[in-house]
Amino acid sequence: MKGKLYGIGVGPGDPELLTLKALRIIKEADIIAVPGEEPKETVAYKIVEGAYPQLADKALLPVHMPMTKDPQLLEKYHQEGAALVEKELEKGHTVAFLTLGDPTVYSTYIYVHERIKKMGYDTEIISGITSFCAVAARLNTGLVEKAEMLHVIPASYQIEEALKLPGTKVFMKAGKKIKKVKEALLVSGEKGMMIENCGMPDEKIYTKLEDIPDSSGYYSLIIVEKGE
């Protein structure tokens, strides 16, 4: 009997935000796949370990997923990742693939998921708390009310065009683009807040655009408040 692949959303950083269902499947799984060459050094692993110290005793499968925009390299790494998972599924193993936030939102995991699904294997996605919901909660504020719109935007998007959208704007993965995003927001007169590494030990909160530094880590997220 062939195994099953689970894409596990481990949330944004705080181990206490890992869902009960995610934790149960992680405990039951034969193999824990982690996006990185050194599984125990990855953010996803450390999040789960905070809630489940016994994770160190599980069989770990490192899946190399470097950050690149080269389509040929991406295809290569996604294919190689899917091949590693397929090998375990053929052995009848249940594989739990850890991924930050939710697997359905800008997740590298989904590319492996789609390939495994096309191969005919059983797959399931386990939702995790998204970074933008966690950030809003940490800032003690809501995102949208009534008929307001919510726009989730990768920071590589055309910032000026995004700012014309009605409602609340969330700029994800703003790290490398943080200076450009900050400058565009200040020019537009918008109000916003940012959290870097939400829920992690090195979390930093900026409640004013002016206070946001010109450089920040990859896990930086800006919420642009809706206009009055």
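None of the values given here were measured: they were computed from a predicted structure.

Colleague: Give me the environment of Gly199: which residues, what numbers.
Modeller: By the element assignment, Gly199 lies in the loop between strand S8 (192–196) and strand S9 (204–206). Each C-alpha atom of the pair Gly199 and Lys177 lies 22 Å from the other, and the pair is 22 residues apart in sequence. The contact partners of Gly199, leaving out residues within four places of it in the chain, are Gly13 and Asp14.

Colleague: Give a description of the pattern of salt bridges that names residues and reports values.
Modeller: In the structure shown here, the tally under the stated rule is 12 salt bridges. With its nearest N and O atoms 2.9 Å apart, the salt bridge here joins Glu80 to Lys76. Placement of the pair is Glu80 and Lys76 together in helix H3 (residues 71–90), with a separation of 4 residues, close to one helical turn. The class for Lys76 is partly exposed, based on a relative accessible area of 41%. Sharing partners across several salt bridges, the network here consists of Lys4, Lys21, Asp122 and Glu124.

Colleague: Help me get a handle on the nonpolar core, residues and values and all.
Modeller: With 20 residues, the main nonpolar core has Ile8, Val10, Ile26, Ile32, Val48, Leu55 and Leu98 as its most contacted residues. Those elements that provide at least two residues to this core are strand S1 (4–9), helix H1 (20–28), strand S2 (31–35), helix H2 (43–51) and strand S4 (95–99). Excluding residues within four positions of it along the chain, Leu55 makes contact with Ile26, Ile32, Tyr45, Val48, Glu49 and Leu60. Counting 17 residues, the second largest nonpolar core, distinct from the first, contains Ala155, Ile159, Ile178 and Met194.

Rules and cut-offs
Residues numbered from 1 in each chain as written. Predicted model: local features only at pLDDT ≥ 70, side-chain atom pairs only at ≥ 80, totals over all residues. Heavy atoms only, no water. Helix = DSSP H or I, 4+ residues; strand = E, 2+ residues; numbered from the N terminus. Contact = heavy atoms within 4.5 Å. Salt bridge = Lys/Arg side-chain N within 4 Å of Asp/Glu carboxyl O. Buried < 20%, exposed > 50% of the residue type's maximum accessible area, 1.4 Å probe, protein only. Core = buried A, V, L, I, M, F, W, Y, C linked by side-chain atoms within 4.5 Å.

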